[in-house]
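Secondary and tertiary structure notes
One-letter residues, chain by chain:
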Amino acid sequence: MIFHLTPEWTVTKWYRNKGYDFTITSSTAFDHKWIPNRNVFESISSIVDELFTNFLSRPNVIQPILTQYCDGKNVSCPNWMTQWGSKSLGDQGYTAIEILRNYYGSSIFINSTDIVSGVPASWPQYNLELGSSGEKVRQMQQQLNVISGAYPLIPKIAVDGVFGPQTEEAVKTFQRIFKLTPDGIVGLRTWYKISEIYVGVSRIAEGVAR
């Protein structure tokens, strides 16, 4: 998760004063506002799962890019991206990068990272499916076996690095439990959901062991 900062917020806001090295503004002028217990649309949740490893950059710029925006109807923000303006461009067939460059210039790029903090291993950048093999399959199998201890509907499988029918069925069962498309394919979204649940189950197990 990226938090956009400005010097005033960095120095004066509550989290900084408490010694934390981040600031949460909860202001749509800087961040996407999050409100606890609000409804979450599944289509938006799916898109976020697919895009969360992406980030914006410019050549020779190290610091995070602040892409401020407003709705463009109730609030006017000259030289910023607008929600309704983006929709209009999308309706005309503009791609995501074309929309961004329309507002921020041709030197902005969308990059992706394969390093995600807090998970045992990053997605291999390709789908794991029936017939796949290798260390990434082995890691996924091992994680599913740990998860099956807490979710016994998921069958135990051989940790052999070979994506066979038993592994495919275990993946499908996992996907059904966690409301993912039960296609038996471990793409980015399924990989990181497996990682998320594995980390949670592992920590619970460690707490019980102690």
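Source: prediction; values computed, not measured.

Scoring rules and cut-offs
Sequence order as written defines the numbering, with residues in each chain counted from 1. Restriction of local features to residues with pLDDT of at least 70 applies here, the model being predicted, together with a cutoff of 80 or more for giving and counting side-chain atom pairs; totals for whole chains, interfaces and linings are based on all residues. Note that water and hydrogens are dropped before the side-chain values are worked out from all heavy atoms of the structure. Buried residues are those whose accessible area, probed at 1.4 Å on protein chains only, stays under 20% of the maximum for their type, while exposed residues exceed 50% and partly exposed ones sit between those limits. A helix here means a DSSP run of H or I that spans at least four residues, while a strand means a run of E at least two residues long, and both kinds are numbered starting from the N terminus. This arc is taken over the directions from the axis of the helix to the C-beta atoms. We call a set of buried Ala, Val, Leu, Ile, Met, Phe, Trp, Tyr and Cys residues a nonpolar core when their side-chain atoms join them within 4.5 Å. Contacts: residue pairs with any heavy atoms within 4.5 Å of one another. In this tally, Asp and Glu contribute negative charge and Lys and Arg positive charge; neither His nor the terminal groups of the chain are included. When a carboxyl oxygen of Asp or Glu lies within 4 Å of a side-chain nitrogen of Lys or Arg, that pair is called a salt bridge. Between 30 and 60 degrees the pair is tilted, below 30 it is stacked and above 60 it is edge-to-face, where a pair is any two Phe, Tyr or Trp rings, Trp via its six-membered ring, whose centres lie within 6.5 Å. Here, a charge over a ring is recorded when the distance from Lys NZ or Arg CZ to the ring centre is within 6 Å and its angle to the ring normal is within 35 degrees. Known as pLDDT, the predictor's confidence for each residue is given on a scale from 0 to 100. Convention adopted: a line fitted to C-alpha atoms gives each axis, helices being fitted over their contacting stretch, and angles between N-to-C directions are expressed from 0 to 180 degrees. Angular relationships are summarised with four words: roughly parallel below 35 degrees, roughly antiparallel beyond 145, roughly perpendicular across 65 to 115, and oblique for the angles in between. In this scheme, a crossing is called left-handed if the near helix is turned counterclockwise away from the far one by less than a right angle; it is called right-handed if the turn is clockwise. Gly is put with the polar residues, along with every residue not named as nonpolar or charged; the nonpolar set is Ala, Val, Leu, Ile, Met, Phe, Trp, Tyr, Cys and Pro, and the charged set is Asp, Glu, Lys and Arg.

**Some words on helix 5 (residues 96–104)**
Ile99, Leu100 and Tyr104 are the residues of helix 5 that are buried. Down the axis of helix 5, the smallest arc covering the buried residues is 110°, so these residues share one side. Just beyond helix 5, the residue with positive phi is Gly105, at close to 95°.

**Describing the nonpolar core**
With 24 residues, the main nonpolar core has Met140, Leu144, Phe174 and Trp191 as its most contacted residues. For this core, the secondary-structure elements that each account for two or more residues are helix 6 (135–148), helix 7 (165–177) and helix 8 (188–209). At 8 residues, the largest contribution of residues to this core is made by helix 8. Those residues in contact with Trp191 that sit more than four places away from it in its chain are Ala121, Ser122, Trp123, Pro124, Leu128, Lys136, Gln139, Met140 and Val186. Residues Met81, Leu89, Leu100 and Ile108 belong to the second largest nonpolar core, which totals 8 residues.

**Structural notes on the side chain of Glu168**
Counting through the fold element by element, Glu168 comes out in helix 7. Salt bridges are absent for the buried Glu168, whose nearest opposite-charge side chain, Lys172, sits at 4.4 Å. Here Glu168 is in contact with Leu130, Phe163 and Gly184, once residues within four sequence places are set aside.

**Observations concerning the packing of aromatic side chains**
Pairs of aromatic rings are described using the distance from one ring centre to the other and the angle between the two planes. Applying the stated criterion across every chain yields a total of 3 aromatic pairs. With centroids separated by 6.4 Å and ring planes inclined at 50°, the aromatic side chains of Tyr103 and Tyr104 adopt a geometry described as tilted. Seen in terms of ring centroids, Phe174 and Phe178 are 4.7 Å apart; in terms of plane orientation they differ by 40°. Their pairing is tilted. With respect to class, Phe174 is no different from Phe178; both count as buried. Clustering of aromatic rings is evident, with ring pairs tying together Tyr151, Phe174 and Phe178. Looking at Arg101, its charged tip hangs above the ring of Phe109, at a distance of 4.8 Å from the centre.

**Section: the confidence of the model for the protein**
Confidence in the prediction for the protein averages 80 pLDDT; 78% of positions are at 70 or higher. Across the protein, element-level confidence peaks in helix 7 with a mean pLDDT of 97 and bottoms out in helix 1 (residues 7–12) with 40. Below pLDDT 50 for its whole length, residues 1–12 participates in 21 contacts with residues either more than four positions away or in separate chains.

**Notes on the packing of helix 6 against helix 7**
Put simply, helix 6 and helix 7 touch, their axes get as near as 11 Å, and they point 55° apart. If you check the angle between helix 6 and helix 7, you find them oblique. Helix 7 is crossed by helix 6, and the crossing has left-handed handedness. Contacts between helix 6 and helix 7 involve Met140, Gln141, Leu144 and Ile147 from the former and Thr167, Ala170, Val171 and Phe174 from the latter. Here the contact of helix 6 with helix 7 is built from residues that sort into 6 nonpolar, 2 polar and no charged.

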